[in-house]
Amino acid sequence: MKLEVVKTDITVVGGGLAGVCAAVAAARLGQTVALVNNRPVLGGNSSSEVRVWVCGATAHGTHRYARETGIMGEMFVENQYRNIDGNPYIWDLVVLETVRAEKNILLFLNTDVHEVEADGEEDERVIRSVTGWMMGSERRIRFESKMFLDCTGDGLIGFLAGAKYRIGREARHEYDEDWAPEVADDITLGSTLLFYTIC
Ligand SMILES: Cc1cc2nc3c(=O)[nH]c(=O)nc-3n(C[C@H](O)[C@H](O)[C@H](O)COP(=O)(O)OP(=O)(O)OC[C@H]3O[C@@H](n4cnc5c(N)ncnc54)[C@H](O)[C@@H]3O)c2cc1C
């Protein structure tokens, strides 16, 4: 299988909202970006595939006058203008068009990154390339950059690079967080059921 090589200043792995905002911000600062997402649509958890609404700033209406700003804010305003019924597929399009408007971004959908080439000590691993498989067209693509952003939602790229990691909750004294447990543990978020009701 022929290996294609894509060289850009930055490679962003994961096209959820974190990856999209990072890619757009970098592109606007003049960097060339490869944005690689393993699903056919951008938006990650917020996309029509999962449909988690984005409401961090408002805290579900508690902070009535708070809003996401920056690139998220741009997409929200566009979505409110074009998508008054909140159709999830139109939101997909708003996110896609935000990315497509940036000439510096090369977009790779349906491309699952599963190989990472890295070297250096555990504390200072340096990623040299990541390689993905584009489903459907059966292309194997290696992405080479000076910088890689792990926006997979699960820290997969860091893990595959051999970076140090931990799972669970930190102890309160580590970051002075009031709600953290006194002693670190391995508890993580369990399953969440997300459903819509229509009356
Ligand atoms: C059920 C549920 C309810 C939630 N409710 C809220 C809420 O009410 N308010 C709120 O603010 N937050 C909520 N969240 C959390 C919020 O969805 C996440 O914090 C947010 O989606 C994180 O965005 P992200 O871009 O980092 O990751 P994600 O949205 O997970 O995006 C990651 C992207 O990377 C892609 N990817 C993963 N691995 C690879 C790979 N190897 N190669 C290529 N691409 C890859 C994925 O397909 C995806 O597109 C909820 C989450 C869930 C699951």
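Preceding this section is the structure that the text describes.
Residue numbering note: each chain is counted from 1, following its sequence as written. At least 70 in pLDDT is required for a residue's local features to be given in this predicted model, at least 80 for side-chain atom pairs to be given and counted, and no such filter applies to totals for whole chains, interfaces and linings, which use all residues. Excluding hydrogens and water, the side-chain values take into account all heavy atoms of the structure.

1. A few points about the side chain of Asp 92
For the purposes of this entry, the term helix denotes a DSSP run of H or I that reaches at least four residues, the term strand denotes a run of E that reaches at least two, and both are numbered from the N terminus. Relative to the helices and strands, Asp 92 resides in helix H3 (residues 88-100). The side chain of Asp 92 is buried and forms no salt bridge, while Arg 51, the nearest opposite charge, is found at 7.2 Å. Contacts of Asp 92, omitting those with residues within four sequence positions, involve Val 41, Leu 42, Ser 47 and Ser 48. Burial classes: relative accessible area under 20% of the type maximum marks a residue as buried, over 50% as exposed, and values in between as partly exposed (1.4 Å probe, protein chains only). The convention is simple: Lys and Arg are positive, Asp and Glu are negative, and His and the chain ends are not counted. Salt bridges are identified by distance alone: a Lys or Arg side-chain nitrogen within 4 Å of an Asp or Glu carboxyl oxygen. Pairs of residues are marked as contacts when any of their non-hydrogen atoms sit within 4.5 Å.

2. A short note on the nonpolar core
The term nonpolar core refers to a set of buried residues drawn from Ala, Val, Leu, Ile, Met, Phe, Trp, Tyr and Cys, joined through side-chain atoms within 4.5 Å. Counting residues in each nonpolar core, the largest one holds 22 residues, and the members touching the most others are Met 75, Trp 91 and Ile 105. Of all elements in the fold, only strand S2 (10-13), helix H1 (17-28), strand S3 (33-36), helix H2 (70-82) and H3 reach the threshold of two or more residues within this core. Take this core: its biggest share by element is 7 residues, from H1. Ignoring sequence-local partners within four residues, the contact set of Trp 91 consists of Leu 17, Ser 46, Met 72, Met 75, Phe 76, Asn 79 and Asn 83. Counting residues in each nonpolar core, the second largest holds 15 residues, with Val 6, Val 130, Ile 141 and Ile 157 among its members.

3. As for the sheet that holds strand S7 (residues 139-144)
One open sheet holds the 4 strands; their spatial order is S1-S7-S6-S5, and the pairing between them is mixed. Sheet topology places strand S1 (3-7) and strand S5 (111-119) at the edges, where each strand pairs with a single neighbour. On average, each strand axis in the sheet is inclined to that of its neighbour by 25°, with strand direction left out of account. In this structure, S5 lies alongside strand S6 (residues 126-134), joined through 8 bridges in antiparallel fashion. Bridging across to S6, Ala 118 finds its partner in Ile 127. Pairing between strands is defined by DSSP: at least two bridges between the two strands are required. Throughout, an axis means a line fitted to C-alpha atoms (over the contacting stretch in the case of helices), and angles, computed between N-to-C directions, take values from 0 to 180 degrees.

4. Here we look at H1
By this rule, a helix spans an expected 1.5 Å times one less than how many residues it contains. For H1, spanning 12 residues, the distance from its first C-alpha to its last is 16 Å, which sits close to the expected 16 Å at 1.5 Å a residue. Buried residues of H1: Leu 17, Gly 19, Val 20, Cys 21, Ala 23, Val 24, Ala 26 and Ala 27, and no others. Buried residues along H1 sit against S2, S3, H2, H3 and strand S4 (105-108). Gly 30 sits one or two residues past H1 and shows a positive phi near 95°.

5. Re the packing of H1 against H3
Contact geometry for H1 and H3: axes closest at 10 Å, N-to-C directions at 30°. Taken together, the axes of H1 and H3 lie roughly parallel to each other. By crossing handedness, the relation of H1 to H3 is classed as left-handed. Each of Leu 17, Val 20 and Val 24 in H1 lies in contact with H3, whose residues at this interface are Trp 91, Val 95, Thr 98 and Val 99. Reported orientations rely on four angle classes, namely roughly parallel under 35 degrees, roughly antiparallel over 145, roughly perpendicular from 65 to 115, and oblique for the rest. By definition, turning the near helix anticlockwise from the far helix through less than a right angle yields a left-handed crossing, and turning it clockwise yields a right-handed one.

6. What to know about the pairing of S6
Once S5 ends, the chain turns through 6 residues before running back antiparallel as S6, passing Gly 120 with a positive phi of about 105°. Bridge count between S6 and S7: 6 bridges; the pairing is antiparallel. Following the sheet pairing, Ser 129 is matched in S7 by Glu 144.

By themselves these figures say nothing about function.
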